[in-house]
Amino acid sequence: MSNQLKRFFSASKTLQAIVSLTIIFLLTGEQAGLWPSQVLQRLEWLTYDERVVATLSEQQDPSIVIVDIDEYSLQQIGQWPWPRAQVAQLIFSLFEDYGIQQLGLDVIFAEGEANLLDFQWQQLRQQYPQLPEAAVIASGDSLLSQVLMSYPVVSAFYFDQAKHHASLTTASTGVLPPPLNISNDIEQWQQLPIRAPSRYTSNSPAVQSSVLSGGFFDNPMVDADGVFRRVPIIQQWQNELYGSLPLAMLYSLLGQPPIELNVFSGGGQLHLEGADVGGFYFPTDPNGAVLVPWAGRRGHFQYIPAANVLLGTVEPEALAGKIVLLGTSAPGLMDLRSTSVGGVYPGVEIHANVLAGMLQMSFRSEPGYSLAITVLGLLILGILMTLYYPRTRAIQLIILSGTLIALHLLSNLYAWHNGLVLPLASGVLLIVLMTGWHLTMNFWRESNAKRQVAAQFGMYIPPELVANIVASPEARSMVGQEKELTVLFSDIRGFTSFSEKIPPAELTEVMNRLLTPVTKAIHAHHGTIDKYMGDAVMAFWGAPLHDEQHPVHALQGAIAMQQALTEINQEFIQEGKQALAMGVGVHTGLMNVGNMGSEFRMAYTVLGDNVNLGARLESLTKTYKVDILFSEVTYELTKQSGLFLARKVDYVRVKGRDTPIKIYQLIDNLATATAADKNKVASFENALLLYEQLRFNDALAAFIKHLKQWPNDTVARLYQTRCQEYILTPPPESWDGVFTHQTK
């Protein structure tokens, strides 16, 4: 290897290592949060959502039912808010008529209901003093309060996290429920970074005082892409902790036991890891939030329209003994959220998922050590790839990277099924980026090496072979061998007279304009240029790289060559030059192929009798005045493909060869052939059949009829002449139908 090549390899590998280490540095830094760009975080969210969706259950959860204030219910009962008496009737029916276990209200009754009767009653008493001081009919708030007091109902309220300007701050409204009973010391949990809102909106005193407990339904922890993935289960307000609606429902179901926060000390700080509610434990993040334990897509929990409950049309077993959430899926009531499992997801079903997760203790968590392990893993993996990838071949590198990604995915999914959420995107992204970079550099370095090899071998090997020879071990053997190949010869007709009409200086340019598109046509169909002989071209198919379809590709290349010449002729005509014609001969057979020549100059070429026959066929195109002729061997190998329109031309014995051969004219690709071409072939073959049957009078009539429709068919006109000659001088009885050509 030359010193220049060594220096090139050394410099390229240094650059490869520097960029590789830069990728590791940037990814690990972003994973560690040193320069958050949200790119990696959004990829992690995306992979998290995909894992959630991939592990959803298709079976409906029967333990929790949602009584839905849906569009149907709004049409049946009226627009929300409904009269408090109607809500009281709904709650009464759920417990008394259907026997539910518990009800969670995902709605707020922040203000008292206006009672027109009370206002008018006082006016009536002025006219009729004998009336009682108050109306005998209870108000809607009174009825609702009585019903709430009678059953295990958990109310809802809303914490507002917004930090308003002092002049814009709105005072809290309503009354909060009793706080949670926390067994930990207040001094301990107050050190935790638990969310602390600025205000709240809760139920009116009459409503709130009548319920068992209450929980908040807001989520201040929506991710930056607007998707609900985690929800807080506790928030603090004025030195007290309050639970979310699902937590408050579980808390009430268990008889409001003391809640123990799992707190540990590390790095001089206290960290929250989870909460234990009466033996039900669920992991949390340091802020007191949980990842929503998505059980299924929208509708995983049964929805029952609230109107059907009021109308009494619900089957009793659908609600008996069930935990019920009263909420809404109506778009107009604005409780639809974007989630990991759907872009339009009712907020009430999010509560149902969280409550079900609490009852089943099916939460997943992000362990505190995951960040350190991920950063360390990225560093180790990245460094190993930096060391080994530059020396790895492309296919091995791809297989290795695929294996690494598969192992990373499998280990991550194993952790997922065991309740742990570990970063996924960072590892995959590192492997993909490193694979892409090292593949690119390895390919670039190999390409440069191949170009240098090509420059060395190009002195005695045709350049178009070098890339294949360098890339394919099969093709690197230049030793002569016998193979079945397809050879093509082409020659420009009348080029001598054409060249005499243009200045000598222009002849080189014309030759380049002719040979370049013809060569491109051959290369486009997997052919190998053997040599240029003036305006003639010799090419072959099937070597140095093996090609099962070499006869088909050769015929396709022949058609493409004629099409390329047609385009060049259009340019020549516009320039006032003469249009040219080209004859092409194609034959398939056993040939000797390999590196041949002398110690001064070598050439990769083909030799043999079948090569000579290909040259004879090209020469016969002048006799028959057709563009492309090919042998019966090639015809038999390609006819099953159904790709070409061809016709039999003759049964001949060429100069220098005793064995006769049938020859065919290649007219066009069958897919692009016109109906006229197909009719022409059928008409000609009908006349030719009569000729082969020695019915020369009938054949002559058929060829004359054929020529009336296609007067420019030179082959038919040749047969017309033959028929006339054989009618006057019939061939001998031993005639085998072979026409012997005496010239090359």
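A few points on the structure. Keep in mind the model is a prediction, meaning the values are calculated, not measured.

What counts, and at which threshold
Residues numbered from 1 in each chain as written. Predicted model: local features only at pLDDT ≥ 70, side-chain atom pairs only at ≥ 80, totals over all residues. Heavy atoms only, no water. Helix = DSSP H or I, 4+ residues; strand = E, 2+ residues; numbered from the N terminus. Buried < 20%, exposed > 50% of the residue type's maximum accessible area, 1.4 Å probe, protein only. Salt bridge = Lys/Arg side-chain N within 4 Å of Asp/Glu carboxyl O. Pairing = 2+ DSSP bridges. Axes fitted to C-alpha atoms, helices over the stretch in contact; angles between N-to-C directions. Core = buried A, V, L, I, M, F, W, Y, C linked by side-chain atoms within 4.5 Å. Contact = heavy atoms within 4.5 Å. Patch = residues over 30% accessible without salt bridge, like charges linked within 9 Å, V, L, I, M, F, W, Y side chains within 5 Å. Areas by Shrake-Rupley, 256 points an atom, 1.4 Å probe, with all protein chains shown as cover. Expected span 1.5 Å × (residues − 1). Arc of directions from axis to C-beta. Parallel < 35°, antiparallel > 145°, perpendicular 65-115°, else oblique. Left-handed = near helix turned anticlockwise from the far one by under 90°. Nonpolar A, V, L, I, M, F, W, Y, C, P; charged D, E, K, R; others polar. Phe/Tyr/Trp six-rings, centres within 6.5 Å; stacked < 30°, edge-to-face > 60°. Lys NZ or Arg CZ within 6 Å of the ring centre and 35° of its normal.

### With respect to unusual backbone geometry
It is generally the case that most residues other than glycine have a negative phi and that most peptide bonds are trans.
Phase 1: Going from tryptophan 80 to proline 81, the amide bond is cis rather than trans, its omega being 5 degrees.
Phase 2: Take proline 81: it is sitting in the loop between helix H3 (71-77) and helix H4 (84-97).
Phase 3: Unusually for a residue other than glycine, histidine 526 sits at a positive phi of about 70 degrees.
Phase 4: Within the element layout of this structure, histidine 526 appears in the loop between helix H17 (504-524) and strand S18 (528-533).
Phase 5: With a relative accessible area of 52%, histidine 526 lands in the exposed category.

### Some details on the pattern of salt bridges
Phase 1: One pass over the structure, following the stated rule, counts 23 salt bridges.
Phase 2: Salt-bridge contacts for aspartate 335 lead to arginine 337; the nearest nitrogen and oxygen are separated by 3.1 Å.
Phase 3: Classification of arginine 337 as partly exposed rests on a relative accessible area of 25%.
Phase 4: Close ionic contact of arginine 695 with aspartate 698 constitutes a salt bridge, the shortest N to O distance being 3.1 Å.
Phase 5: Three or more residues are tied together by salt bridges with common partners; here these are Glu506, Glu509, Arg513, Glu571, Glu575 and Lys577.

### Observations regarding the sheet that holds strand S11 (residues 280-283)
As a general point, the strands of a sheet are linked pairwise by backbone hydrogen bonds and lie either parallel or antiparallel.
Phase 1: Across the sheet, which stays open at both edges, the 3 strands sit in the order S9-S10-S11 with antiparallel pairing between neighbours. Edge positions in the sheet fall to strand S9 (259-266) and S11, since each of these pairs with one other strand and no more. Pairwise comparison of adjacent strand axes, ignoring direction, gives a mean angle of 30 degrees for this sheet.
Phase 2: Relative to strand S10 (residues 269-277), S9 runs antiparallel, the two sharing 8 bridges. When the sheet's bridge partners are listed, glycine 266 is paired in S10 with glutamine 269.

### Re the nonpolar core
Burial of nonpolar side chains together is a common tendency in soluble globular proteins.
Phase 1: Counting 48 residues, the largest nonpolar core has Leu261 and Phe282 as the members making the most contacts within it.
Phase 2: Going through the elements one at a time, helix H2 (39-54), strand S1 (61-68), helix H9 (245-253), S9, S10, strand S12 (289-291), strand S14 (323-327) and helix H11 (347-360) are the ones with two or more residues in this core.
Phase 3: For this core, the element with the most residues is H11, which contributes 7 residues.
Phase 4: Apart from residues lying up to four places away in sequence, phenylalanine 282 is in contact with Ile233, Leu247, Leu250, Gly274, Ala275, Val277, Met358 and Phe363.

### Quick look at a nonpolar patch on the surface
Phase 1: Residues Leu21, Leu376, Leu379, Ile380, Ile383, Leu384, Leu387 and Tyr388 make up a contiguous nonpolar surface patch of about 740 Å² in total accessible area.
Phase 2: A per-element tally of the nonpolar patch places helix H12 (residues 370-388) first, with 7 residues.
Phase 3: One can find tyrosine 388 in helix H12.

### A short note on helix H19 (residues 609-624)
Phase 1: Along its 16 residues, H19 runs 22 Å from first to last C-alpha, staying within 8% of the 22 Å computed at 1.5 Å per residue.
Phase 2: Lysine 625 occupies a position one or two residues after H19 and carries a positive phi of about 55 degrees.

### Regarding the pairing of strand S16 (residues 342-346)
In summary, the side chains of a regular strand alternate between the two faces of the sheet.
Phase 1: Pairing of strand S15 (residues 336-339) with S16 involves 3 bridges; the strand directions are antiparallel. Within S16, the residue paired with arginine 337 across the bridge is tyrosine 345.
Phase 2: What sits between S15 and S16 in their antiparallel hairpin is a turn of 2 residues.

### Some words on the pairing of S18
Phase 1: Pairing between S18 and strand S19 (residues 536-541): 5 bridges, direction antiparallel. Within S19, the position partnered with lysine 531 by the bridge is methionine 538.
Phase 2: Adjacent in sequence and paired antiparallel, S18 and S19 are bridged by 2 residues, among which glycine 534 carries a positive phi angle near 65 degrees.

### Some points on the environment of leucine 555
Phase 1: In this structure, leucine 555 sits in helix H18 (residues 550-574).
Phase 2: Looking at leucine 555, the relative accessible area reads 0%, which means it is buried.
Phase 3: Beyond its immediate sequence surroundings of up to four residues, leucine 555 is in contact with Val586, Phe630, Thr634, Thr638, Phe644 and Leu666.

### Topic: H12
Phase 1: For H12, spanning 19 residues, the distance from its first C-alpha to its last is 27 Å, which sits close to the expected 27 Å at 1.5 Å a residue.
Phase 2: Within the span of H12, buried status applies to Ser370, Thr374, Val375, Leu378, Gly382, Met385 and Thr386. With its buried residues spanning 130 degrees around the axis, H12 presents them on a single face. For H12, the exposed residues set more than 90 degrees away from the buried face come down to Ala372 and Ile373.

### Topic: the packing of H9 against H11
Phase 1: In contact at an axis separation of 8 Å, H9 and H11 are set at 40 degrees when each is read in the N-to-C sense. Overall, the two elements H9 and H11 adopt an arrangement that is oblique. For the pair H9 and H11, the sense of crossing is right-handed. Contacts from Leu245, Pro246, Leu247, Met249, Leu250 and Leu253 of H9 reach H11 at His351, Val354, Leu355, Met358 and Leu359.
Phase 2: Of the residues in the contact of H9 with H11, the class split is 10 nonpolar, 1 polar and no charged.

### Structural notes on the packing of aromatic side chains
Phase 1: Throughout the structure, instances matching the rule amount to 29 aromatic pairs.
Phase 2: Ring geometry for phenylalanine 159 against phenylalanine 216: centres 5.8 Å apart, planes inclined by 45 degrees, an arrangement best described as tilted. Separated by 57 residues along the polypeptide, phenylalanine 159 in strand S3 (residues 153-160) and phenylalanine 216 in strand S5 (residues 213-216) bring together distant segments of the chain. The same class applies to phenylalanine 159 and to phenylalanine 216, which are both buried.
Phase 3: Taken together, Phe684, Tyr691, Phe696, Phe703, Tyr719, Tyr726 and Trp735 form an aromatic cluster joined through their ring pairs.
Phase 4: A cation over a ring is seen here: arginine 647 above phenylalanine 684, with NZ or CZ 4.2 Å from the ring centre.

### Looking at the packing of helix H21 (residues 675-692) against helix H22 (residues 696-709)
Phase 1: Two numbers describe how H21 lies on H22: the axes approach to 7 Å, and their chain directions differ by 165 degrees. In terms of orientation, H21 lies roughly antiparallel with respect to H22. The way H21 lies across H22 gives a crossing that is left-handed. Where H21 approaches H22, its residues Lys680, Ser683, Phe684, Ala687, Leu688, Leu690 and Tyr691 are matched on the opposing element by Phe696, Asp698, Ala699, Ala702, Phe703 and His706.
Phase 2: Considering only residue class, the contact of H21 with H22 consists of 9 nonpolar, 2 polar and 2 charged.

### A few points about the side chain of serine 145
Phase 1: Its place among the elements puts serine 145 in helix H6 (residues 140-150).
Phase 2: By relative accessible area, serine 145 is classed as buried at 13%.
Phase 3: Discounting chain neighbours no more than four positions away, the residues touching serine 145 are Ala206 and Ser210.

### Considering the environment of leucine 514
Phase 1: Inspection of the secondary structure puts leucine 514 in helix H17.
Phase 2: Given a relative accessible area of 5%, leucine 514 falls into the buried group.
Phase 3: Sequence separation between leucine 514 and isoleucine 492 is 22 residues; the distance between their C-alpha atoms is 9.3 Å.
Phase 4: With near-sequence residues (within four places) excluded, leucine 514 lies in contact with Phe495, Leu565, Ile568, Phe572 and Leu580.

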